[in-house]
Protein chains: 2
Amino acid sequence: MNEIIALLQNHRSIRKFTGDPVSEAQLSAILAAAQAASTSSNMQAYSVIGVTDAELKKQLAVLAGNQAYVSECPLFLVWCADLHRYEKAVRLHADTPVTGNAENFIVATVDAALAAQNAAVAAESLGLGVVYIGGLRNNPAEVSRLLGLPQLVYPVFGMCIGMPDQEPLHRPRLPREAVYHENRYTDNSDAILAYDETIREYMKERTLGKVDTTWSKEMAAKALRPREHMKSFLRMQGFEID
Amino acid sequence: MNEIIALLQNHRSIRKFTGDPVSEAQLSAILAAAQAASTSSNMQAYSVIGVTDAELKKQLAVLAGNQAYVSECPLFLVWCADLHRYEKAVRLHADTPVTGNAENFIVATVDAALAAQNAAVAAESLGLGVVYIGGLRNNPAEVSRLLGLPQLVYPVFGMCIGMPDQEPLHRPRLPREAVYHENRYTDNSDAILAYDETIREYMKERTLGKVDTTWSKEMAAKALRPREHMKSFLRMQGFEID
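Bear in mind the structure is a predicted one, so any value in this text is a computation, not a measurement. (Residues numbered from 1 in each chain as written. Chains lettered and ligands numbered in written order. Predicted model: local features only at pLDDT ≥ 70, side-chain atom pairs only at ≥ 80, totals over all residues. Heavy atoms only, no water.)

Draft legend 1. Examining the overall build of chain A more closely. For chain A, the count of helices and strands is eleven helices and five strands. Here the C-alpha atoms of chain A give a radius of gyration of 19 Å, agreeing with the 18 Å that 2.2 N^0.38 yields for 242 residues. Dimensions along the principal axes, computed over C-alpha positions, put chain A at roughly 60 × 45 × 40 Å. For chain A, the residues scored as buried account for 60% of the 242 residues in total. Of all intrachain contacts in chain A linking residues separated by at least 6 positions in sequence, the fraction that spans at least 24 positions is 79%. Split by element, the accessible area of chain A, about 9,200 Å² in all, is 50% carbon and sulfur. Averaged over its 24 positive side-chain charges, chain A has a centre that lies 4 Å from the centre of its 28 negative ones. (Helix = DSSP H or I, 4+ residues; strand = E, 2+ residues; numbered from the N terminus. Rg over C-alpha atoms; globule rule 2.2 N^0.38 Å. Buried < 20%, exposed > 50% of the residue type's maximum accessible area, 1.4 Å probe, protein only. Contact = heavy atoms within 4.5 Å. Areas by Shrake-Rupley, 256 points an atom, 1.4 Å probe, with all protein chains shown as cover. Lys, Arg positive; Asp, Glu negative; His and termini not counted. Charge placed at Lys NZ, Arg CZ, Asp CG, Glu CD.)

Listed below in structure tokens is the structure:
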């Protein structure tokens, strides 16, 4: 195992940061790493908004479900799927629609994710900590308005970056055989039950015995709080995915 | 700049491989890195099919638009968005639908992408080369049938992995100011025109003067070949995204 794989395997989400800023040199290295990620047919169908304005971070923290670390981190990145730039490029030569099919929605969402993950790895290699903020999708229309996102751009997730001021436990993952399949998908139900026990032990340890839950219970609880508004938000933002 | 950021910035897609296999130890390290990536609320809503069977790789290569390297690479990974496992976990406790909104479609697609990018970085750190294969979405229904994907699982993209047998040029990316915005989205049209010239020079060099094109021309050409079938495929596969 090399140093890079050790870093990747050592990832933990950081939600508490020292006051230290992220320097321009660090940001530069992080963005260059993000831009070097693979992108579908070189479309580069993503944008990233770097939020450093204190008032704006506070508003985003509230919109993300009162996640204080969004305002406490020195740099908050909002990773956006962006077909707006692609459309502008296309329109220089053709009057073809760029949306109206799920395909370009997938491309832009994946492009944003690949670039973001490279940024996360680059940040961690610099000793910084990160946490992804899916909570931006609680109020995506308001987030889009605050950041001035045009049609065909949507915020996929946010990312707090800063110097870690905590050392969280590693959260165990599903057993490898649950996610990896050789040559053909195999339906591995036993893995869920085994993992339920793993998570029960982990949560007990993390909460000093206060929380008794399992993975499947957490997943069921999550399913009862769906973000139903995403469909209509995406349509409003110009993404005709269906 | 450290070794990890250098590796990230040095990424190039590899489409020609030596005959060397990917060892079980390498695969193990790659998968552990993938599983350590961030995942929305620990849903881990992805699966990966490792294709080593020669006949199956050949069939996938054809379905991906006759991309020979899909059958020539020793290991072909198919990264899937997977809400099937999540649904099974939820159903142990509640009768809540897990699809019917775009949100879980996004979560599963992003989870697959983050895990895949960690796998790509891990593979490259081991001296292996990778290329993402979006071409799997040319014939996603047939790919799903061959791999036995159940409802609520779809192939987002493939990934060839193997020892590189080529040293491609670096493809220049959009200028940083085209993708990075400070506190607010800025519409940077000049960046497209500047990048058009960058890509013209790059393509001339790469094709020894034979190809004269620009980024926006490539994007327009791509827009004229949409994958219109994705919508109906996703609906067939159980993803009611709209």
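Structure's up, so let's keep going.
Draft legend 2. Focus on the UniProt feature "domain: Nitroreductase" (unreviewed entry) in chain A. UniProt annotation of "domain: Nitroreductase" (unreviewed entry) refers to residues 9-162 of chain A when read in the numbering used here. Secondary structure across residues 9-162 of chain A comprises 44% helix and 19% strand; the distance between its end C-alpha atoms is 19 Å. (UniProt positions renumbered as here; feature names shortened; annotations may be inferred.)

Draft legend 3. Seen up close, helix H9 (residues 189-206) of chain A. End to end, H9 of chain A covers 26 Å across 18 residues, agreeing with the expected 26 Å (1.5 Å per residue, within 8%). Those residues of H9 of chain A not exposed but buried are Ala-191, Ile-192, Tyr-195, Asp-196, Ile-199, Arg-200, Tyr-202 and Met-203 of chain A. Those residues of H9 of chain A that are buried are in contact with helix H8 (176-179) and helix H10 (215-223) of chain A together with helix H5 (84-91) of chain B. Following H9 of chain A by one or two positions, Leu-208 of chain A adopts a phi angle in the positive range, close to 50 degrees. (Expected span 1.5 Å × (residues − 1).)

Draft legend 4. Quick peek at the interface of chain A and chain B. Between chain A and chain B, the residue contacts involve 116 residues of the former and 116 residues of the latter. Counting the surface lost from both chain A and chain B, the interface buries some 9,900 Å², and carbon and sulfur atoms represent 58% of this. Taken together, the links from chain A to chain B amount to eight salt bridges. With a closest N to O distance of 2.5 Å, Asp-187 of chain A and Lys-88 of chain B form a salt bridge. (Buried area = accessible area lost by both parts, 1.4 Å probe. Salt bridge = Lys/Arg side-chain N within 4 Å of Asp/Glu carboxyl O.)

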